[in-house]
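Below are the chains, spelled out letter by letter.
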Amino acid sequence: MGIKMSDRGTLNEPRIQLDLFANRPLSADLVDALAEELVWRFDLDANLAGFIEACGDDPVLAPALERWRGMRVGSSYSLYEYLAVAIVLQNTTVRRSVQMMQALFDRFGSRVTFDDRDLCGFWQPEDLTSVSEEELRQLKVGYRAKSISRIAKFFAEGQIDALSLRDRGREETKDELLRLYGVGPASVWYILFEVFHHYDAFDVISPWEQKIYSRLLFDSELEAADVVLEEVRKRWGPWRMLAAHYVFEDLFWRRRNQSVPWLEKLIRL
DNA sequence: CGGCAGGTGCGGA
DNA sequence: TCCGCACCTGCC
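Residues numbered from 1 in each chain as written. Chains lettered and ligands numbered in written order. Predicted model: local features only at pLDDT ≥ 70, side-chain atom pairs only at ≥ 80, totals over all residues. Heavy atoms only, no water.

1. Details of the overall build of chain A
- A count of helices and strands for chain A gives 13 helices and four strands.
- Relative to its length of 269 residues, chain A is compact, with a C-alpha radius of gyration of 20 Å against a globular reference of 18 Å.
- If one aligns the C-alpha atoms of chain A with their principal axes, the spans along those axes are about 50 × 45 × 40 Å.
- Out of the 269 residues belonging to chain A, those deemed buried represent 39%.
- Sequence separation of at least 24 residues holds for 58% of the intrachain contacts in chain A that already meet a minimum separation of 6.
- As displayed, chain A offers around 15500 Å² of accessible surface, 49% of which is attributable to carbon and sulfur atoms. (Helix = DSSP H or I, 4+ residues; strand = E, 2+ residues; numbered from the N terminus. Rg over C-alpha atoms; globule rule 2.2 N^0.38 Å. Buried < 20%, exposed > 50% of the residue type's maximum accessible area, 1.4 Å probe, protein only. Contact = heavy atoms within 4.5 Å. Areas by Shrake-Rupley, 256 points an atom, 1.4 Å probe, with all protein chains shown as cover.)

So this is what it looks like as structure tokens:
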């Protein structure tokens, strides 16, 4: 199925038009369920009043909030799909992550054509259960083949209930995700925030992010990780990951219009 | 050509 | 609980 979402509103009266493309008629129930799922995935019913109330005056955040008021964080991916991406992002450069993802899509994805677009649909966990690790390695995913294979099996066997995790707390969800082979602290924190919308999911920082936050918060090249985390906690409390995301997005948006020399050095493709 | 990248599991202190 | 180490691959 093809899904197209278009902006049809204003900042104060937001509206999204949803167009669905399918090769069979869709029941009203299915369409409703789909809309509801999209509301969850893109966090459309988020109430950000508390966030603006608590953090709106922060000098680091204010300019970003000004430009991005109303921005939500979500993911178009299901939990399984996000995990596939997270595994492929580990311990490598973006360029190779893209290459690995493309190889997986070419082999296991389904081509979807709609609205003058030619896209690739995700595979299902079941599609990988009969695929050997060796076959995956031939797609140049390296040692990640083991994680990809075991996670697919885990989902296919129903050993994790992605939907019920939406109603549980952050720590419980974290522990559940850490049961997955190949999923460690870095992947977990991204997922807690982007997939499960825990706005406070910021207790781990990777080296490249550490350098960026050192600049943004301390105007220095490198502060210790625990110093950065403590500062973020003090500044933004339970909203710290959401606030950090606003600041991060704003930084990369600025980079599109004007060069940010210190940032260029930190980005490797 | 060795080092290293948007991590993680594992074994041993 | 904390640390050092190996690990596919391809770019620098």
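Additional details are given in the paragraphs that follow.
2. Description of the packing of aromatic side chains
- Applying the stated criterion across every chain yields a total of 15 aromatic pairs.
- Centroid distance W68 to W253: 5.9 Å. Interplanar angle 85°. Geometry classified as edge-to-face. On the criterion of sequence distance, the pair formed by W68 in helix α3 (residues 62-68) and W253 in helix α12 (residues 240-257) is long-range, its members being 185 residues apart.
- Residue classification places W68 among the partly exposed positions, given a relative accessible area of 24%.
- Members of the aromatic cluster, joined through ring pairs, are Y77, Y82, F105, F108, F122 and W123.
- If you follow R144 out to its NZ or CZ, it ends over the ring of Y143, 4.8 Å from the centre.
- Across the ring face of Y181, the terminal group of R150 is positioned such that the distance to the ring centre comes to 4.2 Å. (Phe/Tyr/Trp six-rings, centres within 6.5 Å; stacked < 30°, edge-to-face > 60°. Lys NZ or Arg CZ within 6 Å of the ring centre and 35° of its normal.)

3. Some thoughts on the protein's contact with DNA strand C
- The full set of residues close to DNA strand C is N91, R95, R96, Q99, R137, K140, G142, Y143 and R144.
- In DNA strand C, atoms within 4 Å of the protein come from the sugar-phosphate backbone in 67% of cases.
- For DNA strand C, a sugar or linking oxygen lies 3.1 Å from a polar atom in the backbone of Y143.
- A distance of 2.9 Å separates a base oxygen of DNA strand C from a polar atom in the side chain of R144.
- Ranked by residue count, the leading element in the surface near DNA strand C is helix α5 (residues 94-108), at three residues.
- When the residues that make up the surface near DNA strand C are grouped by side-chain class, the tally is one nonpolar, three polar and five charged. (Near = heavy atom within 4 Å. Polar contact = N/O pair within 3.5 Å; in protein donor to acceptor, adjacent residues only side chain to side chain. Nonpolar A, V, L, I, M, F, W, Y, C, P; charged D, E, K, R; others polar.)

4. Structural notes on the protein's contact with DNA strand B
- Around DNA strand B, 16 residues are found, and the nearest of them are G182, G184, A186, S187 and W208.
- Counting only the atoms of DNA strand B that lie within 4 Å of the protein, the sugar and phosphate share comes to 63%.
- Here a phosphate oxygen of DNA strand B and a backbone polar atom of A186 are 2.8 Å apart.
- For the surface near DNA strand B, the element with the highest residue contribution is helix α9 (residues 185-194), accounting for three residues.
- Its residues assigned to classes, the surface near DNA strand B comprises nine nonpolar, six polar and one charged.

5. A short note on helix α1 (residues 28-41)
- Between its terminal C-alpha atoms α1 stretches 20 Å, which fits the 20 Å expected from 14 residues at 1.5 Å a residue.
- Of the residues one or two after α1, D43 is the one with positive phi, at around 55°. (Expected span 1.5 Å × (residues − 1).)

6. Observations regarding the domain arrangement of chain A
- As far as domains go, chain A holds domain 1 (1-41) and domain 2 (79-194).
- Computed from C-alpha coordinates alone, the two centres of domain 1 and domain 2 are separated by 25 Å.
- Each side of the interface is counted separately: domain 1 has seven residues, and domain 2 has four residues.
- Roughly 560 Å² is buried in total at the junction of domain 1 and domain 2, and carbon and sulfur atoms are behind 54% of that figure. (Domains from an automatic or database assignment. Buried area = accessible area lost by both parts, 1.4 Å probe.)

7. What to know about the pattern of salt bridges
- One pass over the structure, following the stated rule, counts 20 salt bridges.
- A salt bridge links E171 to R170; the shortest N-O distance between them is 2.8 Å.
- The partner of E221 in a salt bridge is R215, with the nearest N and O atoms 4.0 Å apart.
- Residue class for E221 comes out exposed when judged on its relative accessible area of 63%.
- Linked through salt bridges whose partners overlap, the residues forming this network are R170, E171, K174, D200, D203, R233 and R240. (Salt bridge = Lys/Arg side-chain N within 4 Å of Asp/Glu carboxyl O.)

8. A short note on the packing of helix α4 (residues 79-89) against α5
- The geometry of α4 relative to α5 is characterised by a closest axis approach of 9 Å and an angle of 135° between their N-to-C directions. One element, α4, and the other, α5, form an angle in the oblique class. Both α4 and α5 take part in a crossing whose hand is right-handed. When α4 is examined against α5, the residues A84, V85, V88 and L89 are found in contact with a partner set consisting of S97, M100, M101 and L104.
- Among the residues forming the contact of α4 with α5, the class breakdown is seven nonpolar, one polar and no charged. (Axes fitted to C-alpha atoms, helices over the stretch in contact; angles between N-to-C directions. Parallel < 35°, antiparallel > 145°, perpendicular 65-115°, else oblique. Left-handed = near helix turned anticlockwise from the far one by under 90°.)

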